[in-house]
Amino acid sequence: QVRLVESGGGLVQTGKSLRLSCATSGRIFRLYTMGWYRQAPGKQRELVANITSGGTTNYSDSVKGRFTISRDNSKNTVYLQMSSLKPEDTAVYYCNAQWTVYKYWGQGTQVTVSS
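Because the structure is a prediction, the values reported are computed rather than measured.

Looking only at helices and strands, the chain features zero helices and eleven strands. Walking the chain from its N terminus toward its C terminus, one meets helices and strands in the order β-β-β-β-β-β-β-β-β-β-β. Along the three orthogonal principal directions, the C-alpha set of the chain runs to about 40 × 25 × 20 Å. Classification of the 115 residues of the chain by burial places 42% in the buried group.

Okay, the pattern of salt bridges next. In total, this model carries four salt bridges according to the counting rule given. For Glu46, the salt bridge goes to Arg38, with nearest N and O atoms at 2.8 Å. Looking at Glu46, the relative accessible area reads 36%, which means it is partly exposed. According to the relative accessible area criterion, Arg38 is buried, its value standing at 6%. Close ionic contact of Arg66 with Asp89 constitutes a salt bridge, the shortest N to O distance being 2.8 Å. In this pair, Arg66 is assigned in the loop between β6 (57-59) and β7 (67-72) and Asp89 in the loop between β8 (77-82) and β9 (91-99), connecting sequence segments 23 residues apart.

Moving on to the state of the cysteines. Counted according to the given criterion, the structure contains one disulfide. Covalently, Cys22 is tied to Cys95 through a disulfide, its sulfur atoms 2.1 Å apart. What sets the handedness of the Cys22 and Cys95 disulfide is the S-S torsion sign, and at about -85° it is left-handed. Remark: Cys95 occurs in strand β9 and Cys22 occurs in strand β3 (residues 18-24); sequence separation between them is 73 residues. Using a relative accessible area of 0% as the deciding quantity, one classes Cys22 as buried. For Cys95, a relative accessible area of 0% puts it in the buried group.

On to the side chain of Arg38. Secondary-structure assignment places Arg38 in strand β4 (residues 33-39). Polar side-chain contacts of Arg38 include one of 2.8 Å to the side chain of Glu46. Within polar-contact distance, the side chain of Arg38 engages the side chain of Asp89 at 3.0 Å. What Arg38 contacts, discounting residues up to four positions off in sequence, is Gln44, Arg45, Glu46, Val48, Ser62, Val63, Phe67, Glu88, Asp89, Ala91, Val92 and Tyr93.

Quick notes on the rules
- Residues numbered from 1 in each chain as written.
- Predicted model: local features only at pLDDT ≥ 70, side-chain atom pairs only at ≥ 80, totals over all residues.
- Heavy atoms only, no water.
- Helix = DSSP H or I, 4+ residues; strand = E, 2+ residues; numbered from the N terminus.
- Buried < 20%, exposed > 50% of the residue type's maximum accessible area, 1.4 Å probe, protein only.
- Salt bridge = Lys/Arg side-chain N within 4 Å of Asp/Glu carboxyl O.
- Disulfide = S-S within 2.5 Å.
- Polar contact = N/O pair within 3.5 Å; in protein donor to acceptor, adjacent residues only side chain to side chain.
- Contact = heavy atoms within 4.5 Å.

Okay, structure coming up:
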């Protein structure tokens, strides 16, 4: 079983930045595609960004140019640097790990952006 623990959420003003972290257990972190998803009240969970084991990144159009996903395989950790935050970025952010047919989720961290 893989355990994912997110941290770094909070309340910020429009235009400010936050960095989310997701610490992952397990010995094969480097093989996982790691992703950040978010779910706002009344909406479906959506992909924000992901990064493959080879370092290829993918972003949703809504965050492209503002958010950056990165990983540190030596620390089994994936990060999401969020800049120029907007009220519409308010959501619970979930960390996700995928490898072959296996998919794991963290418990989520709340990000609230005030206008």
